[in-house]
Amino acid sequence: MSNSFEWGSYFSQFKLYHNKKNTFGLTSALGISNTYNYLNCVLGTHNHPGTNSNNCTYFYYGSDMKEAPDGWGNVMDGRVKKSYLRYWSLRMPISVQLKWRVGNNAMAFSFGPEFEWRFAMKSKVKFEKGGKYTVSDNIAYNPFGVNALAVFSFRDFVIFGRAGLIDLFNRNNSHEHFVPVNLGIGFSF
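Residues numbered from 1 in each chain as written. Predicted model: local features only at pLDDT ≥ 70, side-chain atom pairs only at ≥ 80, totals over all residues. Heavy atoms only, no water.

Caption draft 1: A look at empty space enclosed by the protein. One pass over the full model with this rule turns up one cavity of 30 Å³ or more. Within this model, the largest cavity holds a volume of roughly 40 Å³. Forming the boundary of the largest cavity are E6, T35, Y87, R91, E116, N147, R162, G164, P180 and N182. Listing elements by their share of the lining of the largest cavity, those giving two or more residues are β5 (80-102) and β9 (157-164). For the lining of the largest cavity, a count of residues per class yields two nonpolar, four polar and four charged. (1 Å grid on protein atoms, 1.4 Å probe; cavity = no way out; pocket = protein on both sides within 12 Å on 5 of 7 lines; lining within 4 Å. Points joined across faces, edges and corners; volume = space filled by probe spheres on them. Helix = DSSP H or I, 4+ residues; strand = E, 2+ residues; numbered from the N terminus. Nonpolar A, V, L, I, M, F, W, Y, C, P; charged D, E, K, R; others polar.)

Take a look at the structure:
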């Protein structure tokens with residue numbers, strides 16, 4: 001489990017299909033986001049002798065860990081204020097959309113798959129005395145993901161839910177199972 005913060009925007013929307021009244025159709029969009037997952041441990045990589053991989057990704061916990069991530073050294077002694085995983089995503093949902101009006105208020109509900117390309121993933125820590133440190137930028141993650149996306153909008157206010165259908169980490173180089181799930185709000189302009 002982790003807490004997360006994400007900001008981003010869908011900057012263009014395309015109608016793929018709609019009926020004559022524009023109350024039902026297929027829609028798509030292009031978007032970009034920046035995601036921060038705040039962790040109660042440190043995510044790092046480690047070379048293990050006898051394996052074919054040079055970036056096995058693991059979660060490392062406090063003082064009881066037996067080996068530190070590569071390049072980390074011996075600083076797991078409580079000086080870490082917070083640890084987080086940060087990455088960028090390009091997203092393209094393809095959704096079925098229903099529109100209706102209640103009085104003069106436009107409302108809509110859409111759902112469908114969202115295709116995601118993740119990049120620039122880094123594990124970072126922030127120290128108690130200030131300063132940030134990149135633990136690893138060689139994380140064994142899946143760059144391509146598929147999410148289930150549902151969006152409800154009322155006028156310009158949007159509530160959305162997103163659930164990953166593919167693990168965030170590559171199972172060939174990581175034993176960690178991490179599926180992103182987001183619930184958020186947004187605004188239309």
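Moving on from the coordinates now.
Caption draft 2: Spotlight on the pattern of salt bridges. Applying the stated criterion across every chain yields a total of seven salt bridges. E114 is the salt-bridge partner of R162, the closest N and O atoms lying 2.6 Å from each other. Here R162, found in strand β9, pairs with E114, found in strand β6 (residues 105-127); they are 48 residues apart in sequence, far enough to count as distant. A salt bridge links R118 to E116, with the nearest nitrogen and oxygen atoms 3.4 Å apart. (Salt bridge = Lys/Arg side-chain N within 4 Å of Asp/Glu carboxyl O.)

Caption draft 3: Representation of the pairing of β6 within the structure. Pairing between β5 and β6: 19 bridges, direction antiparallel. Paired with R91 across the bridge in β6 is E116. A loop of two residues connects β5 with β6, the two strands running antiparallel in sequence, and G103 in this loop sits at a positive phi of about 70°. Pairing of β6 with strand β8 (residues 144-154) involves eleven bridges; the strand directions are antiparallel. (Pairing = 2+ DSSP bridges.)

Caption draft 4: Highlighting the pairing of β8. Residues of β8 alternate between two faces, with G145, N147, L149, V151 and S153 buried on one and F144, V146, A148, A150, F152 and F154 left unburied on the opposite face. When β8 meets β9, the two strands line up antiparallel, connected through eight bridges. Within β9, the residue paired with V151 across the bridge is F160. Adjacent in sequence and paired antiparallel, β8 and β9 are bridged by two residues, among which R155 carries a positive phi angle near 55°. (Buried < 20%, exposed > 50% of the residue type's maximum accessible area, 1.4 Å probe, protein only.)

Caption draft 5: The arrangement of the environment of I166 in detail. Here I166 is to be found in the loop between β9 and β10 (181-187). C-alpha separation for the pair I166 and H177, spaced eleven residues apart in sequence, amounts to 9.7 Å. When sequence neighbours within four positions are dropped, the list of residues in contact with I166 reads R118, N142, F144, G145, V146 and P180. (Contact = heavy atoms within 4.5 Å.)

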